[in-house]
Amino acid sequence: MTAGPGAATAGATQPDRDGGLVAVAVNMLGVVEHPAMGDSPYRVDADGHPYLPVGDGGLVFGVRLGDPVAALAGDHVAPGACLVHPEQAARHALVTYACIGNPVEVRTGRAAGARGAVTGKRGEEGRVIAGFRQDDLSRMRPGDQISVRTCGQGWADPGLPAGVVAMNVAPGLLETLPVTRPGQGGVIVGVRAVLPSKLAGNGIGRPAAGWDVDLQLAPGDPLPGGGQLLLGDLVAVTGLDARYNLGYRRGWLTVGVVVHGASPLPGHGPGLTPILTGPASVLQVEVDAAGHTGLTESGLQLK
Amino acid sequence: MNVTSNAAQLVRQTLTGEVWPPLADRHGYRVGPDGQPFALPGMGGMTLGVHCGDPATGYASDHLEPGASVRHRDPGANMALQFLTCVGNTVRVESGPAAGAVGHVIGQHAYVLVDFPAAVSEQVTTGDTVTVTATGQGLVLPDHPAIVVKNCAPGLLARMPGGTMPDGRLEVHVAARIPAEAVGAGAGMISEYANTDLMGAYAGLGEDLSLGLEGLCLGDVVAIADADHRYGRGYRPGFVTIGVISTGQCMLFGHGPGPSSLMSGPADAFTLVEDPAANLASWLHNDREAGK
């Protein structure tokens, strides 16, 4: 293990405590995305008004884990750098295999050598969201090459109870999050809020290993129980099964990390990258609307 | 429907397309709700034996598209075909042994979906070219300014029961009401393209997956609760969207029989009348297969 961002999960492989399968790490190339637009700059919001989307992909600095989602004026704003690959099939593979907490390292450009960590992923064509220190981000530009040490997808965490599936998380990441295992075969996750599945928007019906699901919270919508949603928060959705595709299942629960901000587009909103899914009888949550702390820069050693 | 509209001002545009082949990759299988691998027909091509008025589910199929699945070969022209074609538009077969036969558009699903009489369907295959007489986008109901109409041919609007009520609301007959929890893939997409898959209709796959939607029929007009499809497709409490079930059985999780959007607005702009006959088959497809 080396010091620095993502160090908790920097090992090439993670031995399994109970003799199960060992997670394999793969170095993959990501390229810092340049935002792309069509001939018209406008999108149309839920009330039929045109707007110009700012911050939807590419490199965004000045926005950090812990910032309130409501404070972001753009569309799907993610903190840090969105990583893609010019070949679409390789891009899907990068997004599928990258896990939150995986270490990344800049290979080219003025920030070469800088280290960061994966903080989330987005669906459709696919984007890996990578966090860096702000001074490193300010020296990066679209086209910079980033090596992503992907590890964790498909790996069965032996510390989780039967029926609960972890996904999109680096081995060891759950230990840095408010996830406790009380010992009677259950797991308890601290979350900012619990939302009903009818708020699950774009991303539903898509494979959770490579997509986020947008929470249909319009900018300014209050959270049930109060409090405000921050980037990096853990949020639970009832009635949602994320083991394969995301879909409705009564009695089920999915917990994810808030990875990007809100959107004026109907059916869109703050994005949730699923990390745990299972029967609600086994996967339990504790809501802390005011004091919750989820994925943080300090937890990822980005400070 | 007894309602004032701008139908006389709409233009008609002649568009072309072809019956598109089903598509697969060399790995074949996709994954069901419990991780079941499956390889099932339904999407693309000319699907036989399933028409408007038939049950939407109960087939060994995934993303069942009844009838012909039509695209245009040029990507830009294809988007025009998908956006401009409306439910109820007429489609004429131009090549092959069925040339000259006419069917109707029943919805969109990344393809324009066309239902033909059974005897015609038997003779249509992948690659056959068709002409779509597209009309309906831009349809406005001046007495119902809160309601946005889309993907609806003026001829279909005229045949639907209901209309402007004395209290100013628009009466619409629906065969089923859909809870917001059922909305699956399609959320967040534009509402002039593809449709909204409804979860909770996985016939025979478990009580924990059911939202009581196993009785839907293809062509049913349905009302989706808390759905605003005026400028896209999103959850909005207090709104309602009227759609027509244009696709059927799904095995892929988060997917299911899907309505193409026809009207959307605040719930208090509508009076919904539950009517089992609220189906395209009652108004457009009187010549469908005998005995069904």
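Chains are numbered independently. Their residues run from 1 in the order of the written sequence. Just so you know, chain letters begin at A and ligand numbers begin at 1, following the order they were written in. Confidence filtering applies because this is a predicted model: local features only for residues at pLDDT of at least 70, side-chain atom pairs given and counted only at 80 or more, and all residues used for totals across whole chains, interfaces and linings.

Description of the overall build of chain B
Where helices and strands are cited, they refer to DSSP runs of H or I of at least four residues and of E of at least two residues respectively, numbered from the N terminus. A tally of helices and strands in chain B yields 4 helices and 17 strands. On the principal axes, the C-alpha backbone points of chain B span a range of 55 × 45 × 40 Å. A separation threshold of at least 6 residues defines the contact pool for chain B, and within that pool the share at least 24 residues apart is 71%. Two residues qualify as being in contact provided that their C-beta atoms, derived from the backbone, are within 7 Å of each other.

Describing the domain arrangement of chain A
Residue and element names in this part refer to chain A. Domain ranges listed in this record stem from an automatic or a database domain assignment. When cut into domains, chain A gives domain 1 (7-150) and domain 2 (165-287). Between domain 1 and domain 2, the C-alpha centre-to-centre distance is 19 Å. Between domain 1 and domain 2, the contact holds 35 residues from the first and 34 residues from the second. Of all the secondary-structure elements, those providing two or more residues to the side of domain 1 that touches domain 2 are helix 1 (88-97) and strand 9 (115-122). Per-element accounting of the side of domain 1 that touches domain 2 gives the leading share, 4 residues, to strand 9. Taken together, the residues of the side of domain 1 that touches domain 2 sort by class into 16 nonpolar, 13 polar and 6 charged. Ten residues, namely Ala, Val, Leu, Ile, Met, Phe, Trp, Tyr, Cys and Pro, are considered nonpolar, four, namely Asp, Glu, Lys and Arg, are considered charged, and the remaining ones, Gly among them, are considered polar.

Topic: the sheet that holds strand 20 (residues 283-287) of chain A
Consider a sheet: its strands pair through backbone hydrogen bonds, and that pairing is either parallel or antiparallel. All names here are of chain A. What makes two strands pair is DSSP finding at least two bridges between them. If you trace the 3 strands from one edge of the open sheet to the other, you get 13-14-20, paired in mixed fashion. Lying at the two open borders of the sheet, with one neighbouring strand each, are strand 13 (179-180) and strand 20. Inspection of the sheet shows strand 14 (residues 187-191) paired to strand 20 by 5 bridges, in the parallel sense. Bridge pairing in strand 20 places Val187 opposite Leu283.

Structural notes on the confidence of the model for chain B
Residues and elements named next belong to chain B. Confidence per residue, as judged by the predictor, is encoded in pLDDT with a range of 0 to 100. Taken over all residues, the pLDDT of chain B has a mean of 95, while the share at 70 or more is 97%. Contacts from residues 288-292, a stretch scored under 50 in pLDDT, to residues over four places away or in other chains number 11 contacts. Quick note on the complex model: pTM equals 0.92, ipTM equals 0.90.

Focus on the nonpolar core
Formed by 165 residues in total, the largest nonpolar core has its most connected members in A:Leu83, A:Ala130 and B:Val174. When neighbours within four sequence positions are excluded, A:Ala130 is seen to be in contact with A:Gly80, A:Ala81, A:Leu83, A:Val104, A:Gly116, A:Ala117, A:Val118, A:Thr119 and A:Ile146. By convention in this section, buried Ala, Val, Leu, Ile, Met, Phe, Trp, Tyr and Cys residues joined through C-beta atoms within 7 Å make up a nonpolar core. The burial criterion counts other C-beta atoms lying within 10 Å of a residue's C-beta, which is placed from the backbone; the residue is buried at 20 or more, exposed at 12 or fewer, and partly exposed between these limits. Within the second largest apolar cluster, 5 residues are counted, among which are A:Tyr244, B:Cys250, B:Met251 and B:Leu252.

Quick notes on helix 1 of chain A
Along helix 1 of chain A, the residues that are buried comprise A:Arg91, A:Leu94, A:Val95 and A:Tyr97. Against strand 3 (26-32), strand 7 (80-84), strand 9, strand 10 (127-131) and strand 11 (145-150) of chain A lie the buried residues of helix 1 of chain A.

Notes on the interface of chain B and chain A
Across the contact, 29 residues belong to chain B and 27 residues belong to chain A. Those elements giving two or more residues to the side of chain B that touches chain A turn out to be strand 14 (221-228) and strand 15 (234-247) of chain B. In terms of residue count, strand 15 of chain B provides more of the side of chain B that touches chain A than any other element does, 3 residues in total. By residue class, the composition of the side of chain B that touches chain A is 13 nonpolar, 8 polar and 8 charged.

Some details on the domain arrangement of chain B
All names here are of chain B. Split by domain assignment, chain B resolves into domain 1 (8-134) and domain 2 (148-283). Relative to domain 2, the C-alpha centre of domain 1 lies at a distance of 19 Å. Tallying the contact residues gives 35 residues for domain 1 and 38 residues for domain 2. Residue assignment for the side of domain 1 that touches domain 2 shows that the elements contributing at least two residues are helix 1 (75-84) and strand 7 (102-108).

A short note on the sheet that holds strand 17 (residues 270-274) of chain B
Residues and elements named next belong to chain B. The sheet built from 3 strands is open, its strands ordered 11-12-17 with mixed pairing. Of all the strands in the sheet, the pair left with one neighbour each is strand 11 (162-164) and strand 17. For this sheet the average axis-to-axis angle between neighbouring strands, irrespective of direction, equals 20°. Of the pairings in the sheet, the one linking strand 11 to strand 12 (residues 170-174) comprises 3 bridges and is antiparallel in character. Of the residues in strand 12, the one forming a bridge with Thr164 is Leu170. Interaxial angles span 0 to 180 degrees and are taken between N-to-C directions of axes, which are lines fitted to C-alpha atoms, for helices over the stretch in contact.

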